[in-house]
Amino acid sequence: MSSVSETPVHPKGTRARVLLTSVFGPYAQDDEFGSRAINPMELYHNQVTRAQGGFSLRMFHRSWGIMMIQQNISAPCTLLDFPTRENFASELKANAYDVVGISSIIVNLGKVREMCRMVRELSPDSVIVVGGHVAATPGLGHMIDADHIVRGEGIAWMRQYLVEDLNAPIRHPEIVSGLKTRIMGIKLPEKKGGTAATIIPSVGCPMGCNFCTTSSFFGGKGKFTNFYETGDELYDVMCHAESALGVQTFFVMDENFLLHRERAMQLLARMKADHKAWGMAVFASANAIRKYRVEELVELGVSWIWMGLESPRSNYSKLRGTDSRMLTRNLRENGIRVQGSTIIGLEHHTPDNIREEIEYAVDHGTDFHQFMLYTPVPGTPLYKEMSEQGRMLDGIDLADIHGQDKFNFRHAAISRDDSKRFLDWAFWRDFERNGPSLYRMCQTMLQGWQRYKNYPDLRVRERFERENVKLRTAYAAALWASEKYFRKVNREVSEQIHELRREIAQEFGTMSRLAANLVGPVLLWTTRREERRVAAGKTYEPPTFLERRNWVAASEYPH
Ligand code: B12
Ligand code: SF4
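Reading the values: rules and limits
- Think of each chain on its own: its residues are numbered from 1, step by step along the sequence as written.
- Chains and ligands are labelled by the order in which they are written, letters from A for the one and numbers from 1 for the other.
- Totals for whole chains, interfaces and linings use all residues, but because this is a predicted model, local features are given only for residues with pLDDT of at least 70 and pairs of side-chain atoms are given and counted only at 80 or more.
- Processing note: side-chain calculations cover all non-hydrogen atoms of the structure and skip hydrogens and water entirely.
- By disulfide we mean two sulfur atoms from cysteines, separated by a distance within 2.5 Å.
- Helix and strand definitions here come from DSSP, where helices need a minimum of 4 consecutive H or I residues and strands a minimum of 2 consecutive E residues; each element is numbered from the N-terminal end.
- Each residue is assigned to one of three classes by its accessible area relative to the maximum for its type, calculated with a 1.4 Å probe on protein chains only: buried under 20%, partly exposed between the two thresholds, exposed over 50%.
- For this analysis, residues touch if any pair of their heavy atoms sits within 4.5 Å.
- The criterion for a residue being near a molecule or strand is simple. One of its heavy atoms has to lie within 4 Å of it.
- Definition of a polar contact: a pair of N or O atoms within 3.5 Å, with one able to donate and the other able to accept a hydrogen when the atoms are protein atoms, and with sequence-neighbouring residues admitted only if both atoms are side-chain atoms.
- For this classification, Asp, Glu, Lys and Arg are treated as charged, while Ala, Val, Leu, Ile, Met, Phe, Trp, Tyr, Cys and Pro are nonpolar and the rest, including Gly, are polar.
- Confidence per residue, as judged by the predictor, is encoded in pLDDT with a range of 0 to 100.
- The set of buried Ala, Val, Leu, Ile, Met, Phe, Trp, Tyr and Cys residues whose side-chain atoms join them within 4.5 Å is what this entry labels a nonpolar core.
- What makes two strands pair is DSSP finding at least two bridges between them.
- The convention used is that axes are lines fitted to C-alpha atoms, helices contributing only their stretch in contact, and that angles between N-to-C directions extend from 0 to 180 degrees.
- For patches, a residue must show more than 30% relative accessible area and have no salt bridge; joins then use 9 Å for like charges and 5 Å for nonpolar side chains, namely Val, Leu, Ile, Met, Phe, Trp and Tyr.
- Methods summary: accessible areas were calculated by the Shrake-Rupley approach with a probe of 1.4 Å, and residue burial reflects only the protein chains presented.
- Salt bridge, as used here: a side-chain nitrogen of Lys or Arg that lies within 4 Å of a carboxyl oxygen of Asp or Glu.
- When the near helix sits turned anticlockwise from the far one by under a right angle, the crossing is termed left-handed; a clockwise turn instead gives a right-handed crossing.

Asks: How would you summarise the state of the cysteines if you had to cite specific residues and measurements?
Replies: Two cysteines whose sulfur atoms are joined by a covalent bond form what is called a disulfide. Within the structure shown, the criterion is met by zero disulfides. No disulfide involves C77; its sulfur sits 17 Å from that of C116, the nearest cysteine.

Rendered as structure tokens:
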């Protein structure tokens, strides 16, 4: 295993030809390489809206880690994202790669093993480098046939390996955040600027919660790597994305963006000075959110927050001193959509108290709610602790340790089978009580608009105005369909949706009524069709991407 300080170097340096690849698909099926139908490559459908049937939000995200690496090396480099085994094989055969870098997380270890085998067979002169969270697997070197296994931040490692300038500024790739979005049986059009741009200011999180792999992988408590230290730097990166991709909304992929208040406030000052009415989706812990007045968040453009909502009895410092239900309500009333994240199967959970704990989580009434099993993952303090106590279960395939199925450790009070039952119940209960996330989101957007439509900062008004175009057109139609859909299955939710529709019509008038009545019935039909398709086994897979940078064909390349 190598860290940057002891990184070997490739003899060809920046002339080495590099292939960077994610693991091969298809993903949403059970197979010998570790794909699982329950573990598709879809963020929301996998772990957030999976119980919401035709209302589930479905989309893909690119493999940003290798996109970042490709952008920051000057060697000729191909990036292969979501390949099939066949196109991985043909790429290996078509171009004499000096280095093949494979990016993976732990669940996909079986695929990494197969890809290493393929490289040895089809491109025996290539050096194999494996990086990403899979590198935290104990004994990985004996499980796969790789030359280098890289733990932690990969840009610095790769730069050093290819003898590049380690201190060069980090160039940010242009990343469209979500792809092939579907909801209610409709694929949303992909027009320039229609989707947010992903911005990655840092990796890691200094909070160091015991179960958290993203924190531990980049050094654990107190540690993280900032790619952009200041608000000014971040502002420049965002301006670039704005002009290159035509976006005004950003998905900020930083585990705890709001924790770095100085940087955020500097960014806000720049946004104000240049009249940027940007929107921002961020991850933040409750203790970080509390560092801001809600108006500051709104002015910063925060329109969506992903926040951990662990049980108040769990004693995580990020939640200390916070009434998370009040916080959630307050954020939503200010037009900030909240995505809660709750862990099922914490140490203090028992069959007797777990339902009450889930009810408590559901009672937050978030826009979206992710549920995950408490899962000791290699590399984390929790894994170490459970291993030392002899509580890790033997014989569990790494492909099944994704937090959406059953426990991988012996819980003090809850059995493996019950862990799945409680997890499934949490998703079901959230949907039953709070209705589809699309409806909840519309509720938050309307509240935000009502509160800020006369706000003195014109940028804020502009942002809400922009977001609300959908509320009075497409979303109004979606709500019509939702109300009708739920009338038979959940009258209470249907009535709540009806009430929201009434308020929207009152606020926006004829346009929203027209959209609802004309397009609503079509959406009701497509939603039901989608549910029939999914019930018949339809799954979705991301497309393959092949992107070359600094490229020179092998035949023209000086050896
Ligand atoms: C986007 C994302 C996804 C996307 C997938 C994107 C993709 N194309 O694979 C979606 C939403 C589909 C997804 C799904 C899942 N994910 Co996910 N995901 C993330 C997330 C939020 C961001 C990843 C990212 O881009 N980070 C930013 C980049 C810059 O960091 P990075 O990827 O780690 O890359 C750096 C280094 O790792 C390294 N590196 C990476 N690759 C390589 C390759 C080489 C050669 C080298 C040298 C270095 C290197 O260098 C990079 C730059 O520093 C992370 C959390 C996080 N904050 O990282 C979780 C995370 C990666 N996911 C995780 C998990 C568990 C899953 C799921 C199993 C969970 C689930 N049940 O839903 C599924 C698996 C799906 C599947 N079938 O594979 C875990 C991985 C845990 C582990 N130890 O393996 C993470 C860390 C979240 C967590 N804390 O639990 N995920
Ligand atoms: S606050 Fe969130 S990202 Fe940070 S260590 Fe805890 S769980 Fe991980």
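From this point on, the discussion continues.
Asks: Any chance you could break down the side chain of S419 for me, citing the residues and the numbers?
Replies: Within the secondary structure, S419 is located in helix α15 (residues 416–434). The exposure class of S419 is buried, given its relative accessible area of 1%. Dropping the residues within four chain positions of it, S419 is found in contact with L373, D405, K406, F407 and I414.

Asks: Before we move on, could you go through the site of ligand 1 and cite the residues and values that matter?
Replies: Close to ligand 1 lie 40 residues, the nearest being Q47, S63, S103, E153 and E255. Between G132 and ligand 1, the recorded distance is 3.4 Å, taken from a backbone N or O atom to a nitrogen atom. If you list the elements that add at least two residues to the shell around ligand 1, you get α1 (43–47), α2 (64–71), β4 (99–103), β5 (127–131) and α7 (213–217). The element contributing the most residues to the shell around ligand 1 is α2, with four residues. Split by residue class, the shell around ligand 1 holds 18 nonpolar, 18 polar and four charged.

Asks: Any details on the environment of A89? Residues and values, ideally.
Replies: Secondary-structure assignment places A89 in helix α3 (residues 85–94). Classification of A89 by relative accessible area gives buried; the value is 12%. Sequence separation between A89 and Y235 is 146 residues; the distance between their C-alpha atoms is 40 Å. When residues no more than four places from it in sequence are discounted, the contact partners of A89 are M118 and L122.

Asks: Would you mind going over the confidence of the model for the protein in detail, with residue names and values included?
Replies: Overall, the prediction assigns the protein a mean pLDDT of 94, with 96% of residues at 70 or greater. Considering only residues more than four positions removed or in separate chains, one finds that residues 1–5, a stretch of pLDDT under 50, has 15 contacts.

Asks: Can you tell me about the nonpolar core, naming the residues and giving the values?
Replies: Counting residues in each nonpolar core, the largest one holds 145 residues, and the members touching the most others are F250, F257, L258, M280, L300, I305 and L331. The contacts of F257, once residues within four sequence positions are left out, are P201, L234, V252, R263, A264, L267, M280, V282, F283 and L300. If you look at the next biggest cluster of nonpolar residues, it comprises 24 residues, including A361, F407, L423 and A426.

Asks: Residues and numbers for the environment of L423, please.
Replies: Note on placement: L423 falls in helix α15. According to the relative accessible area criterion, L423 is buried, its value standing at 0%. For the pair L423 and L309, spaced 114 residues apart in the sequence, the C-alpha separation amounts to 15 Å. Apart from residues no more than four positions distant in its own chain, L423 is found in contact with R50, I344, F371, M372, L373, G403, Q404 and D405.

Asks: A description of the environment of A516 should follow, citing residues and the corresponding values.
Replies: By secondary structure assignment, the location of A516 is in helix α20 (residues 510–535). Classification of A516 as buried rests on a relative accessible area of 3%.

Asks: Lay out the sheet that holds strand β17 (residues 545–549) in plain terms, naming residues and giving numbers.
Replies: Strand order in the open sheet formed by six strands is β6-β5-β4-β1-β3-β17, and the pairing between neighbours is mixed. Edge positions in the sheet fall to β6 (148–149) and β17, since each has one partner strand and no second. With five bridges connecting them, strand β3 (residues 77–81) and β17 associate as antiparallel partners. For T78, the partnering residue across the bridge sits in β17 and is R548. Packed onto the sheet, α2 meets β1 (18–22), β3, β4 and β17 and runs at close to 170 degrees relative to β3. Helix α4 (residues 109–122) rests against β1, β4 and β5 of the sheet, and its axis sits at about 165 degrees to β5.

Asks: How would you explain the sheet that holds strand β2 (residues 58–60) if you had to name every residue and give the values?
Replies: Note on sheets: strands pair through backbone hydrogen bonds, and any given pair is parallel or antiparallel. Here we have three strands laid out as an open sheet, ordered β2-β7-β8, and antiparallel in their pairing. Pairing within the sheet leaves two strands with one partner each, and these edge strands are β2 and β8 (186–187).

Asks: Run through a nonpolar patch on the surface, naming residues and quoting values.
Replies: On the surface, L514, L518, V519 and V522 cluster together to form a nonpolar patch covering roughly 370 Å² of accessible area. A relative accessible area of 39% places V519 in the partly exposed class.

Asks: Lay out the side chain of S56 with the relevant residues and their values.
Replies: Along the chain, S56 falls in the loop between α1 and β2. In terms of polar contacts, S56 uses its side chain to reach the side chain of T49, at 2.8 Å. Apart from residues lying up to four places away in sequence, S56 is in contact with H45, T49, R50, R182 and I183.

Asks: I'd like to hear about the packing of helix α16 (residues 437–452) against helix α17 (residues 458–471), residue by residue, with values.
Replies: α17 packs onto α16 with a crossing angle of 145 degrees between their chain directions and a minimal axis gap of 10 Å. Of the two elements, α16 crosses α17, and the hand of that crossing is left-handed. Across the interface between the two elements, C442, M445, L446, G448, W449 and Y452 from α16 touch V460, R461, F464, E465, E467, N468 and L471 from α17. Grouping the constituent residues of the contact of α16 with α17 by class yields eight nonpolar, two polar and three charged.

Asks: An account of the pattern of salt bridges is requested, with residue identities and associated values reported.
Replies: One pass over the full model with this rule turns up 44 salt bridges. Among the ionic pairs, R440 bridges to D430, the shortest N-O distance being 2.9 Å. In this pair, R440 is assigned in helix α16 and D430 in helix α15, connecting sequence segments ten residues apart. D430 carries the same exposure label as R440, and that label is buried. Look at the salt bridges and you will find they share partners, linking R325, E359, D363, R429, E432 and R433 into a network.

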